[in-house]
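Spelled out from the first residue to the last, the chains are:
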Amino acid sequence: MKKIVKLKKVTIGEGLPKICIPMVGETISELLEEAEILKDIDFDVLEWRVDFFKDVANIDKVKQALQGIRAVLGEKPIIFTFRTAKEGGQKEVTTEFYFALNKAIITSKLVEVIDVELLSDEKDILGLVNIAHKNGVFVIISNHDFEKTPRKEEIISRLCKAQELGGDIPKIAVMPTCAADVLTLLDATRIMNEKYANGPIISISMAGKGIISRLSGELFGSALTFAAAKKSSAPGQISALELRKIMQLLHNDI
């Protein structure tokens, strides 16, 4: 039986795919404004894209921002993500700072999940996963390709590698250049889910061509999908309200 990931009252890996909304404010005041808006939106999980935050180099300011977000949104589970520039993020930092930042947030106990990039050094990933699990924090191990969609076998291989490294939720997001690329991602997701996954996975085909992948996770095996509230963090995100309605419609007929 596959594992599930329980984030407070939200269960990833059973039922409808859960909806995650990214926060992309550049200052604490912008983040708190976003959080107030999110209080009136139907979603399951929050992702703070801290690479958008102007004071990300100041770990104390990062913790202060997290405390503010938590004060507004209460029990909403939080994914902490610094997306590096090479994987589509806003900033590039040293490897040392990337892992120091994530370790500091893990031990702060202010988040439920961290996102660590698959293309990091394996020893660094394993060390971070170990620290996270000792502190009761789950780990997404992710990979993003903003240029293309790899072959089906490569997509599956990357998801399997993320799982082998201890990721509680392997994640991949790729860019389609044609409809066939979207089908490649969807079928790779199906195969991974049916044959290799020991828990929930996340897969995304980005941009307009890939929107179907954000809607059809229940059928193909992706357990969490990303929606936009105020501003999207990746191409192809649609509003949380529209996403929930469409997924429920598809669920009723599956």
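Predicted model only: the values in this text are computed from it and were never measured.

### Things to note about the sheet that holds strand 5 (residues 78-81)
Logical step 1: Reading across from one edge, 9-8-7-6-5-4-3-10 is the order of the eight strands in this open sheet, with parallel pairing throughout. Strands at the two margins of the open sheet, each flanked by one partner only, are strand 9 (202-205) and strand 10 (224-226). Looking at each pair of strands side by side, their axes are set apart by 25° on average, direction ignored.
Logical step 2: Against the sheet, helix 2 (residues 59-73) touches strand 3 (18-23), strand 4 (45-49) and strand 5, its axis set at about 155° to strand 4.
Logical step 3: Contacts from helix 4 (residues 122-134) reach strand 6 (113-117) and strand 7 (138-145) within the one sheet, and its direction differs from that of strand 7 by about 145°.

### Structural notes on the UniProt feature "binding site: 3-dehydroquinate" (unreviewed entry) in the chain
Logical step 1: In the numbering used here, UniProt assigns the "binding site: 3-dehydroquinate" (unreviewed entry) feature to Glu47, Trp48, Arg49, Arg83, Arg214, Ser233 and Gln237.
Logical step 2: Take arginine 214: its relative accessible area is 2%, and that puts it in the buried class.

### A closer look at the environment of isoleucine 78
Logical step 1: With respect to the helices and strands, the residue isoleucine 78 is situated in strand 5.
Logical step 2: Through-space distance from the C-alpha of isoleucine 78 to that of isoleucine 114 is 8.4 Å; in sequence the pair is 36 residues apart.
Logical step 3: Not counting chain neighbours up to four residues away, the residues in contact with isoleucine 78 comprise Leu46, Leu66, Ile69, Arg70, Leu110, Val111, Glu112 and Val113.

Each value, and the rule that gives it
- Residues numbered from 1 in each chain as written.
- Predicted model: local features only at pLDDT ≥ 70, side-chain atom pairs only at ≥ 80, totals over all residues.
- Heavy atoms only, no water.
- Pairing = 2+ DSSP bridges.
- Helix = DSSP H or I, 4+ residues; strand = E, 2+ residues; numbered from the N terminus.
- Axes fitted to C-alpha atoms, helices over the stretch in contact; angles between N-to-C directions.
- Contact = heavy atoms within 4.5 Å.
- UniProt positions renumbered as here; feature names shortened; annotations may be inferred.
- Buried < 20%, exposed > 50% of the residue type's maximum accessible area, 1.4 Å probe, protein only.

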